[in-house]
Amino acid sequence: MSESSFQDDVLGELGDEKLTEIAGLLGTDTDGARAAVDETVGAMAGGLQEKAAAEGEDGEVRQALAEVAEPPLQGVATLGGLGGLLSGGMMAGVLAKVSKPVANAVAKKTGIPAATVSRVIEVLIPVVLAVFAKRAAEGKAGAGTPSAGGAPAPGTPAPGAAPTAGADGGGLGDLLGQILGGGKK
């Protein structure tokens, strides 16, 4: 499986029904909605990375990512898919905090009214949380576990992991880069 971008993963998780809902909010077709989602999710990821960099290792963004990466319901067969969403309370709050500046930035860049972009963000937040949880789980499975099939050699990042240790000090910085798909500063 080839590495996909964070935006691609969100679009895939969104599905046709939600994409059509977003198209209706925007007054466009699904291609226009796809482009708006791509722009919005990119701005959200950038906003999270900037906030994390400004806060440092013990900041709210990194704590929220750690919470998503360690869902309390992990291993519960009937609720396993919900673990990331249920534990995403802190991350949902972080996303809500960055939503207004993101909406304003996307509105300025695209010409879509900020209030409309805000409604799109409301639809996207649960989907973004699900993608965070999936990427965190995949990163955990791919890093340091011999059973992951072709696990990287010690000191080599997991497939799809962005090398951010030097820029962010490793640990949660690696997770942030891996989940958002960027580590360039």
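The rules behind these values
Residues numbered from 1 in each chain as written. Predicted model: local features only at pLDDT ≥ 70, side-chain atom pairs only at ≥ 80, totals over all residues. Heavy atoms only, no water. Helix = DSSP H or I, 4+ residues; strand = E, 2+ residues; numbered from the N terminus. Buried < 20%, exposed > 50% of the residue type's maximum accessible area, 1.4 Å probe, protein only. Contact = heavy atoms within 4.5 Å. Salt bridge = Lys/Arg side-chain N within 4 Å of Asp/Glu carboxyl O. Core = buried A, V, L, I, M, F, W, Y, C linked by side-chain atoms within 4.5 Å. Axes fitted to C-alpha atoms, helices over the stretch in contact; angles between N-to-C directions. Parallel < 35°, antiparallel > 145°, perpendicular 65-115°, else oblique. Left-handed = near helix turned anticlockwise from the far one by under 90°. Nonpolar A, V, L, I, M, F, W, Y, C, P; charged D, E, K, R; others polar. pLDDT = per-residue confidence, 0-100. Phe/Tyr/Trp six-rings, centres within 6.5 Å; stacked < 30°, edge-to-face > 60°.

Each helix and strand in the protein chain was counted, giving eight helices and zero strands. Within the protein chain, the fraction of its 185 residues that count as buried is 38%. Once local pairs closer than 6 in sequence are excluded, the contacts in the protein chain between residues at least 24 apart make up 64%.

Okay, the environment of I112 next. Positionally, I112 belongs in the loop between helix 5 (89–110) and helix 6 (114–142). A sequence separation of 86 residues divides I112 from L26, and the C-alpha atoms of the two residues are 7.8 Å apart. Sequence-distant contacts of I112, that is, excluding residues within four places in its chain, are made with L26, A36, A107 and V117.

Taken as a whole, this structure holds eight salt bridges when the rule is applied. Taking the shortest distance from any N to any O, the salt bridge between E21 and K18 comes out at 3.4 Å. With E21 and K18 both in helix 1 (residues 6–26) and three residues apart, the pair spans about one turn of that helix. Note that K97 is salt-bridged to E60, the shortest N-O span being 2.8 Å.

In terms of nonpolar packing, the biggest core is built from 39 residues, with V10, V37, M91, L95 and L124 touching the most fellow members. Looking at this core, the elements with two or more residues in it are helix 1, helix 2 (30–55), helix 3 (60–69), helix 5 and helix 6. Tallying contributions element by element places helix 6 first for this core, with twelve residues.

Relative to the elements of secondary structure, Q49 occurs in helix 2. With a relative accessible area of 22%, Q49 lands in the partly exposed category. Through-space distance from the C-alpha of Q49 to that of V61 is 8.4 Å; in sequence the pair is twelve residues apart.

Attention shifts here to the packing of helix 1 against helix 2. The relative placement of two packed helices comes down to the angle between their axes together with the axis-to-axis distance. Where helix 1 contacts helix 2, the axes come no closer than 8 Å and their chain directions differ by 125°. Classed by the angle they form, the pair helix 1 and helix 2 counts as oblique. The way helix 1 lies across helix 2 gives a crossing that is right-handed. Mapping the contact onto sequence places F6, Q7, V10, L11, L14, L19, T20, I22, A23 and L26 in helix 1 and T30, G32, A33, R34, A36, V37, D38, V41, G42 and A45 in helix 2. In terms of residue class, the contact of helix 1 with helix 2 is built from 13 nonpolar, five polar and two charged.

Here the focus is the packing of helix 3 against helix 5. Running from N to C, helix 3 and helix 5 point in directions that differ by 140°, and their axes come no closer than 8 Å. Taken together, the axes of helix 3 and helix 5 lie oblique to each other. The hand of the helix 3/helix 5 crossing is left-handed. Contacts between helix 3 and helix 5 involve E60, V61, Q63, A64, L65, E67 and V68 from the first element and G89, M90, M91, V94 and K97 from the second. Its residues placed into classes, the contact of helix 3 with helix 5 shows seven nonpolar, two polar and three charged.

So, on to the confidence of the model for the protein chain. In this model, the protein chain carries a mean pLDDT of 72, and residues with pLDDT of at least 70 account for 64%. The low-confidence segment residues 73–87 (pLDDT under 50) makes 13 contacts with residues lying over four places distant or belonging to another chain. With pLDDT under 50 throughout, residues 143–172 is counted as low confidence; its partners more than four residues away or in other chains account for 37 contacts.

Taken as a whole and judged by the stated rule, the model has one aromatic pair. Aromatic side chains F6 and F132 sit 5.3 Å apart centroid to centroid with 25° between the ring planes, which places their arrangement in the stacked category. With F6 in helix 1 and F132 in helix 6, the pair connects residues that are 126 residues apart, well separated along the chain. Summarising the burial analysis for this pair, F6 and F132 share the class buried.

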